[in-house]
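Residues per chain, in single letters:
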Amino acid sequence: IPANSYFVGTANKDDSTFTITDKVYDRAITIDFEERNIPFTVKEEVSKINLSHTHLVSLFEEAKANTEYQMNEEDYEKFHKITSFVYDEFDIAIGNRIMTQVDELVPTYVAAGGTKEEAIDFLLSRKLISKIEGRFEEYVKGALKKLLALVEKTYGEGVLKRCEKTIKSLMRRL
């Protein structure tokens, strides 16, 4: 299999299926299509580019080597506040595989024009908070309220929008 091959799969998640397993969240990037596609028209001429796999990998490596794009001590402290709370309250841990993904995705996302907070928001909501889905024990709703407050206190209200939306969605279902 050549190095420039990527595998894409689908998994339905609706009221007729069980939740996606933790292993899938750990090993894959899941995407939810939460809103309808708004049709658009391309208004400018865009020229085709050719990007070799080698050059793409070199761009990833360049982004990861840029210390301004990397997670710093303060970023890790905030991140670990959230992950520690989720571990303590829900017994859901962040393993080495996800930490490696954090270290690779955050600088790459920033190099592509995003922010660290947007990348962290995506990872926390998709890799950690989504694992709470399907839990219906009595303590869950109260713990989710505390988690929402912690996210807003740690990062600021409205900064981790995906996390806030995911937490609120989970609370509505309880």
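The structure this text deals with has already been given above.
Described in the following lines is the structure provided in the data block. Because the structure is a prediction, the values reported are computed rather than measured. Numbering of residues begins from 1 in every chain and follows the order in which that chain's sequence is written. Restriction of local features to residues with pLDDT of at least 70 applies here, the model being predicted, together with a cutoff of 80 or more for giving and counting side-chain atom pairs; totals for whole chains, interfaces and linings are based on all residues. Think of the side-chain values as coming from all heavy atoms in the structure, minus any hydrogens and water.

Examining the environment of Lys 127
Secondary structure elements follow DSSP: runs of H or I of four or more residues count as helices, runs of E of two or more count as strands, with numbering from the N terminus. With respect to the secondary-structure elements, Lys 127 resides in helix H5 (residues 116-128). For Lys 127 and Arg 173, which are 46 residues apart along the polypeptide, the C-alpha to C-alpha distance reads 20 Å. One polar contact links Lys 127 to Gln 101, side chain to side chain, over a distance of 2.9 Å. Counting of polar contacts relies on pairs of N or O atoms within 3.5 Å, with two restrictions inside protein: one atom must be capable of donating a hydrogen and the other of accepting it, and residues adjacent in sequence are counted only when both atoms are side-chain atoms.

A closer look at the nonpolar core
By size, the foremost hydrophobic cluster in this structure holds 31 residues, and its most contacted members are Phe 90, Ile 132, Leu 144 and Leu 147. Contributing elements (two or more residues each) for this core: helix H3 (73-90), helix H4 (96-111), H5, helix H6 (140-155) and helix H7 (161-173). It is H6 that provides the largest number of residues to this core, a total of 7 residues. It only takes one pair of heavy atoms within 4.5 Å for two residues to be counted as in contact. Those residues within four positions of Phe 90 in sequence are excluded, and the remaining contacts are Phe 85, Ile 132, Arg 135, Tyr 139, Val 140, Ala 143 and Leu 144. Definition of nonpolar core: a set of buried residues of the types Ala, Val, Leu, Ile, Met, Phe, Trp, Tyr and Cys, connected through side-chain atoms within 4.5 Å. Only protein chains enter the calculation, and the probe is 1.4 Å; a residue is then buried if its accessible area is under 20% of its type maximum, exposed if over 50%, and partly exposed in between.

Looking at the environment of Val 151
Note that Val 151 resides in helix H6. According to the relative accessible area criterion, Val 151 is buried, its value standing at 1%. Residues Val 151 and Lys 78, 73 residues apart in the sequence, show an inter-C-alpha distance of 9.0 Å. Ignoring anything within four residues of it in the chain, the contact list for Val 151 reads Ile 82, Gly 156, Leu 160, Cys 163, Glu 164 and Ile 167.

Re the pattern of salt bridges
What counts as a salt bridge is simple: a side-chain nitrogen of Lys or Arg found within 4 Å of a carboxyl oxygen of Asp or Glu. Counted by the stated rule, this structure contains 5 salt bridges. Among the ionic pairs, Arg 173 bridges to Glu 133, the shortest N-O distance being 3.0 Å. With Arg 173 in helix H7 and Glu 133 in the loop between H5 and H6, the pair connects residues that are 40 residues apart, well separated along the chain. Relative accessible area serves as the criterion here: at 15%, Glu 133 is assigned to the buried category. Via salt bridges that share partners, Glu 61, Lys 64 and Glu 104 belong to a single interconnected network.

Description of unusual backbone geometry
Residue Asp 91 is not a glycine yet carries a positive backbone phi of 60°. For Asp 91, the position within the fold is in the loop between H3 and H4.

Quick look at H7
Multiplying 1.5 Å by the residue count of a helix minus one yields the expected span of that helix. Under the 1.5 Å per step criterion, the end-to-end length of H7 is 19 Å for 13 residues, consistent within 8% with the ideal 18 Å. Along H7, the residues that are buried comprise Cys 163, Glu 164, Thr 166, Ile 167, Ser 169, Leu 170 and Met 171. Buried-residue contacts for H7 involve H5 and H6.

A look at the packing of H3 against H6
Angular values range over 0 to 180 degrees, each being the angle between N-to-C directions of two axes fitted as lines to C-alpha atoms, with helices fitted over their stretch in contact. Running from N to C, H3 and H6 cross one another at 175°; their axes reach a closest spacing of 11 Å. As judged from the angle between their axes, H3 and H6 are roughly antiparallel. Here H3 contributes Asp 75, Lys 78, Phe 79, Lys 81, Ile 82, Phe 85, Val 86, Glu 89 and Phe 90 to the contact with H6, which in turn contributes Val 140, Ala 143, Leu 144, Lys 146, Leu 147, Leu 150, Val 151, Thr 154 and Tyr 155. Charged residues are taken to be Asp, Glu, Lys and Arg, nonpolar residues to be Ala, Val, Leu, Ile, Met, Phe, Trp, Tyr, Cys and Pro, and polar residues to be all remaining types, Gly included. In terms of residue class, the contact of H3 with H6 is made up of 12 nonpolar, 1 polar and 5 charged. In these notes the angle categories are as follows: under 35 degrees is roughly parallel, over 145 is roughly antiparallel, 65 to 115 is roughly perpendicular, and the rest is oblique.

Concerning a nonpolar patch on the surface
On the surface, Tyr 6, Val 57 and Phe 60 cluster together into a nonpolar patch covering about 280 Å² of accessible area. Judged by relative accessible area, which is 57%, Tyr 6 ranks as exposed. Two joining distances apply to patches: 9 Å for like charges and 5 Å for nonpolar side chains (Val, Leu, Ile, Met, Phe, Trp, Tyr), and every residue must have over 30% relative accessible area and no salt bridge. With residues, only the protein chains shown are counted as cover, and all accessible areas are computed by Shrake-Rupley using a 1.4 Å probe.

Scope: geometric values only; no functional claims are made or implied.
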